[in-house]
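# Tertiary structure, described
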Amino acid sequence: CASESPSSSPTVTGSARPSLVPSQNPSDVPSTTPSSSPSLSPSTSTPTQSPVLFLGGCPETFVQFLDAYVIGTQVESNGIIYKCISFSCGSYGFEPGESTSSLWRQGWEVVGSCSGTMEPTLSPSTSPP
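Computed from a predicted structure; not experimentally measured.

This part takes up the state of the cysteines. For the structure shown, the criterion picks out two disulfides. Between the sulfur atoms of C58 and its disulfide partner C114 the distance amounts to 2.1 Å. In this structure the cystine formed by C58 and C114 twists about its S-S bond by roughly 100 degrees; its chirality is therefore right-handed. Taken together, the residues C58 in the segment before β1 (74-77) and C114 in the segment after β3 (108-113) connect sequence positions 56 residues apart. We classify C114 as buried; its relative accessible area is 8%. Paired through a disulfide, C84 and C89 show a sulfur-sulfur distance of 2.0 Å. When the S-S torsion is 105 degrees, as for the bridge of C84 with C89, the disulfide is right-handed. For the protein, the bonded cysteines connect in the pattern 1-4, 2-3 when numbered consecutively along the sequence.

What counts, and at which threshold
Residues numbered from 1 in each chain as written. Predicted model: local features only at pLDDT ≥ 70, side-chain atom pairs only at ≥ 80, totals over all residues. Heavy atoms only, no water. Disulfide = S-S within 2.5 Å. Helix = DSSP H or I, 4+ residues; strand = E, 2+ residues; numbered from the N terminus. Buried < 20%, exposed > 50% of the residue type's maximum accessible area, 1.4 Å probe, protein only.

Below you can see the structure in the form of structure tokens.
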């Protein structure tokens, strides 16, 4: 088939070369080979934040400008529980979850979310919270 013009009647077998113009009547049957190779990177973006685990009642609320928090102390701010991981936890600019600076990430770690307060129980629990 040396001619570039379409044939007058359709053929059962495909041509050796693809046509230069799109078909006016595409087939209903999908091709057996992929149209392109898979990409090397995912087409969806990664999430910006991981989900925050709900832990129940809240610990004490963070107090701005407190001299210092002991490493391991947990506080609540806007329904999120933060754990002190550095000596800078009570310092100016290190308020947990502060949106104007990322300095707080050097002093605090997000533990989970909470609602209400941690209420005392009548008997000790058998497993840690």
